[in-house]
Structure formats: C-alpha cells, structure tokens
Amino acid sequence: MNIFYRKDIDGLRALAVLLVIICHAGFKSFSGGFIGVDIFFVISGFVVTNSITASLEQGRFRFSEFYVRRAKRLVPALYTVMLVTLAFGILLLVPDAAYSIMKNIGAVTIFSSNIYISSLIGYFDPSAENMPLLHTWSLSVEEQFYLVLPLLLFLLRRQSDRSKILIDSAILIGSLSASQWAVSVGSPGSYYLFQFRIFEFMLGVIATRISFSLSNSRNNDVVLLLGVAIIFACALTMDALTPFPGLAALLPCLGAVTIILSCQKSPVGQIIFGNRSSVMLGKLSYSLYLWHWPVFFAFRHFDLKSAWAMFGAIIVSLVLTVFTFLYIEQPLRQMKMSLKKAALLFIGMPFLLVVCLTATGKLTHNFLFLYPPKFQEIYKVLAVSRHDNRSTFAQKELPLPAKDVFGNPLGITDAVIWGDSHALSFRNFFDALGKEYNVAMFDMSWPGCPPVYFSEALAIPGSGKNIPPNATICKTNNDLVMKYILFHSEIKIVFISSRWLTFKDDWIKFDEIHPIFSTEQVKKSLFETVKVLQASGKKIVFIDDLPEIPKSLKDCVISRDTWFGKNNSCSMQADDALRPYNAYIAPVMADLQSQFSAVTVLHTYDVLCDLNWCHTDISGHQIYQVDDVNHLALTAGPIFYKAYREKHPLELDQLFHRRSTSQPLEKNDNTDRPIASNAEQL
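In this text the structure is predicted, and so the values were computed from the model without any measurement. (Residues numbered from 1 in each chain as written. Predicted model: local features only at pLDDT ≥ 70, side-chain atom pairs only at ≥ 80, totals over all residues. Heavy atoms only, no water.)

J.: How would you sum up the state of the cysteines? Please name residues and give values.
T.: Scanning all chains against the criterion turns up two disulfides. With a sulfur-sulfur separation of 1.8 Å, Cys609 is cross-linked through a disulfide to Cys614. Disulfide Cys609-Cys614: torsion about the S-S bond near 105°, hence right-handed. Given a relative accessible area of 2%, Cys614 falls into the buried group. The closest cysteine sulfur to the non-disulfide-bonded Cys253 is located on Cys234, 9.1 Å from its own sulfur. Residue Cys253 is classed as buried on the basis of its relative accessible area of 0%. (Disulfide = S-S within 2.5 Å. Buried < 20%, exposed > 50% of the residue type's maximum accessible area, 1.4 Å probe, protein only.)

Dropping the structure here:
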C-alpha cells in the first residue's frame, strides 16, 4: 500500500468525474461541470509530486521506472476503449470517420491528442460531440505533464522548500498569465494546450509543499465546505460562454486545493469524500472518464439524446467501467514482471499496434475492405467525387488545350465559372448545362476565395499589416480572372458560384478573431464586380448554392449500407434549411437583380426541398461529398442538374432564349482555337 494514499483524494476524483459526466450528458444545470477536468489536473499535480518526492528523498527514483509505472496504470484501459471505439466506427460509421478515429488514436499514442483536436474543433463547438475521442485531449495534457514534472522535481531536489515554492509559483504565474492572454485574444488552442494548463497542475504541486493545519476540526470543516461551495458554484454558473481556462479556471482549482489541504482533519470531509461509495467511484474514475464520452457518442449516433437516454448511457458507461476495472485495468496493473518486459508490453506493443493500424487504414482506403461489398462499391464512386481544390486556371499555363474546357468545347458560347470550392464542386453540373445549351465552360475558381474583384486595397479588420497568404492569393487570382474576362470579348457569360451562406458571418477566418475578408467588404466588392462585368457586355449568372446540412446528416445516405446502418430519413426540416437562405442569401440576390439587368439567378438552393423537408439524396444517390456538409459530390452533378431542370424548367430556357432573341450570341470565329494566353491578354 502506498504510504501517501489518501482515500479522500479518491473521493474528490469521484466528484470530478461526476461533474464531467453530468455536464457532457447535457444536463444544463451543471453546464460548468467541465471543471471536473481541472480538478483532475490539480489532483495529478498533488499525487504525482508526493510520489516522486518521496522516491527522490529515499534515493530510489528512476525515470524509467516512473514512466513504465505510469504506462501500466494508464495504457490497458485507454487502449481498450480506443480500440472498441475504432471497431464501432468501422461497423457503424463511414470509412472517413473511422480513419479520423484512427488518426486521433495515433495522436494519443504520441501524447499529442490535445494538439490534434485543437487544430480541428473548439471544445464548446456544437459539432464537438461528433468526435468520439474528444475527451482524450486531457489525457495528452496529463501525459505531457508527466514528461516534464519528474525532470523539474529532480532538478529542484536539493533546493530549499522556500526556493521550490518560489520557482513553482513563478511557473504557475507565467502559465496563468499566458492562459489568460490566450483566452482574451481567442487563441484556438487556449482550451487544449499544455502551456495554458500548467498552472492547474502547479497548484497541486505547491499544495504538497504547504503545511496546513487548523486548530480544530470545526475550522477544517468550514474550510472544506468553502472549497466544496466554490466548486459547485463554478459548476452551476459557468458555461460555454465563460472565458476559460485563464483566471476563471483558478476558482475551481483553488476549491480543489482547499479540499485537499483540509480534508484529512475534517470530519465532514471524511463523511463526504472518505465514504466507501465515494472512494470506490474515485477508484473507477479513470475508466469511467474513458468510457463515458464514446458511449454518449454512440447513443447520440442512434438519436438517443433525451434525458432518460443519457441516464441510460451513464449506466452503460458504469457497467463497462466495472468490467474494464476488474478484468483489464487491475489485473494488468498488478501483474509482476521485469521493467524491460513491462516497457515492451505497455509502451512498445501499443505503439507498434497503432503504427500497423494506421498504415493499414492508409493503404486500404480507410479500412474499406472491412465494409460490406455493396457499401464498398458505393464508397469507391463517392470517394473520387470530391472536387479538386486546385483550379485548372491556376495549375496550367495558358493557352489551354481543348480537353481542359468542359461542357461543349466547340459550343457556340464561351463561358467562365468564377467562384470558390463550391464552384469547383459544381463542375459536373456545369458540364451537363454546357452540353445541353451548347456552351464551352472554363473554370477559373479558387478554393477559399470569394469571387469578387477587389478594386481597393485589402482592408482586413484587426489584422494590421499581417495579411494572411490566402488573402494575397485571392486578390492576385481574382485580378487575373477579371482582366482575362474583360479582355476576351468571346466570353459572353460569367457563372458566379460560391458558399453564399458566409454572408451571415465574416467570409473566411484565418484564426478565431481576424477574418480574411469581412462580409461588408465582400458585398461591396461583389456589386462593383457585377457593375464592371455588365458594363463590358457580359451576362452574369449566379448559382445560389445548396443547403448546408447539419453534421448529424453527414454521410447519412451511404451509412445505410454499413454493417449496422440505420435506415433513417436523411432529411432536415425545410424551414430550418431555408431560413438562412431567406435571411442572408435571398436579399443579396434580389438586390443584384434589381440593380443590374444583366444578372440572372439560377435557383439551385431549393432543388433538394419539398414543402416540408430538404433531402440529402435524390432517388437514393447521396448528393453531398463524403465527410462533407456543404459541397456537391462530383458524381451527383448530373443527377442534381436533372433535378434542377425539373424543379425550375424555365430558368435556363428563358436565359438562353432571351439571349438568342434580344442579344444574339456570336459564334466564335475560331471555335477550336485555344483560349488566349496570359501574355496575349495582358
């Protein structure tokens, strides 16, 4: 038995894990329950420092022993949960989602899950619940702490207690200051990254160096209850809008320190945290923390989201936890073996397993061979249906050969497509249009760039002189596109396509604060662009895009053909789908048509909708790209075009008829002539 073991610390772990689980289950009264993770960090700082300090004082501390012991404690349950989650992904999710789980497992293996997740999503983002291993970020933070703490304690082993406290305090203040700064500027990694969490561990470290004693048990009870009150106040009042961690995280951490320092001599504390139930739950807390989030993810995958369903998910998590604790965690932890064998079993073999699984997933198209044959056929088609994020215009030098012009390369009308990645994803839609109406199509789109000509210098709010590279690329490319269109009189039509829903927010953000282009800037430039194009005799045709579906419907159609796929409706309420269109897109399109006679709008946005529902498929064919919520799949382009023609049969007929009667389109004097080179146009 560890002579430093305190059963009340396990009781505090029980409180921490309960707060986290209740918060993650969606019970709004405990919206701040995420502070349970911060309590865990304080406990880790306290417990691990006590253990290492004792070994150092006895002259028997070995770095290798420490890390192997940590691996024996953490690895068995962790890899059990991760491998079960991966199996769930292969059985019920699409290959892209399964391989995303595999990548997250790889990040956990190299102690960087927090870095990996911070690059993908914010902790409080509503779509974060779609990441089954989201919670592993905190494990990587702990692992990073375990890499640093032994070295720090070893270097300070001969320092006086006063010097140790001063150095620990300096580290704490530095980390807390950095954390508050990161929160204040909206840094994407402020929640996840180790440097912004060190101060929480250091509070636990400093607690080991403080001799805290009050005169009687009643005073200890008062101090302990104060700590409990602080923690519950934070859990009940904090939420996703609380600037966190930073100074806000200091409160629950101080509450935890208060409990740690006073509980041993507090009768009330021993009742609350030292009772058998609390201690047992504390011993189970690690496995319970591991299981709860993947189980919640599974329940939500099957649309089991009610309060009763989440209560059931907690029960399932407890059952899995008890099984893991009794038959995996404890037996392997207590197994007697040499240091070398333990290092091989708990460090080397898991690493090798993850490398092999990652390579297998990479070489087999995201574990596709493990899926049903019918699904494999469908997926192989959709997997190559992503748009190419490289513009043909940017890839090749002009003049272009005829093979790079689609639609009808020898058509009587030349047209260009100008837009962002959404325009690129509509390529086969435009190809079908060009073939039907005898139009030669040439794509001049660039991903991430609003299709506008910036006549003024870029004005990027808040960014000062630090213009991000993509902004410069957009302006350079769009300047070239505009010059090209104006120079070539044979170009009669300019199709403009983009993700217009970005009108509801700043166009593109290169971090959480600074947009590349503000919405007002894009709107102003869009109207200027149309004005210039109309003055040059061009017809401007806007594609008003398609609905952005909720992430819960992502890959819904093809998921029906996974091993245990759901045959659910892959649709969303029409009111929900059309509301952002009516609020942000329709007014802009209406203004353009009212101000410019040369503007036409092709209404593609409502093609997938009927009176009540907007669908993600047409006759069973998935319309959206794999692992995507707003891009048209290339293979769906012709199907979507046909549905558009049926929904709005007169729009294109009127467009081209109007041109043929009022403004006849001249046939190119040399239809097989390649489009002019950059040198010619300039």
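Now that the structure is up, let's keep going.
J.: With reference to specific residues and values, describe the pairing of strand 9 (residues 599-602).
T.: Two faces belong to every sheet, and in a regular strand the side chains alternate between them. Here strand 9 shows two buried faces, one formed by Val599 and Val601 and the other by Thr600 and Leu602. As judged from the four bridges shared by strand 7 (residues 539-543) and strand 9, these two strands associate in the parallel manner. By the bridge assignment for strand 9, Phe542 is matched with Val601. (Helix = DSSP H or I, 4+ residues; strand = E, 2+ residues; numbered from the N terminus. Pairing = 2+ DSSP bridges.)

J.: Any chance you could break down helix 12 (residues 276-301) for me, citing the residues and the numbers?
T.: Here helix 12 contains 26 residues, and its C-alpha end-to-end distance of 35 Å stays within 8% of the 38 Å for a straight helix at 1.5 Å per residue. At Ser285, helix 12 shows its maximal kink, close to 55°. Counting buried residues in helix 12 gives 22 out of 26 residues, a clear majority hidden from the surface. A positive backbone phi angle near 60° is found at Asp303, which sits one or two residues after helix 12. (Expected span 1.5 Å × (residues − 1). Bend = angle between axes of the 7 residues up to and from the residue.)

J.: Mind laying out the sheet that holds strand 9, listing which residues take part and the relevant values?
T.: Judged by pairing direction, the sheet is mixed, and its six strands sit side by side in the order 1-3-2-4-7-9 without closing on themselves. On the outer flanks of this sheet lie strand 1 (406-407) and strand 9, each paired with one strand and no other. Running over the sheet, helix 22 (residues 574-595) touches strand 7 and strand 9 and is turned about 150° from strand 9. (Contact = heavy atoms within 4.5 Å. Axes fitted to C-alpha atoms, helices over the stretch in contact; angles between N-to-C directions.)

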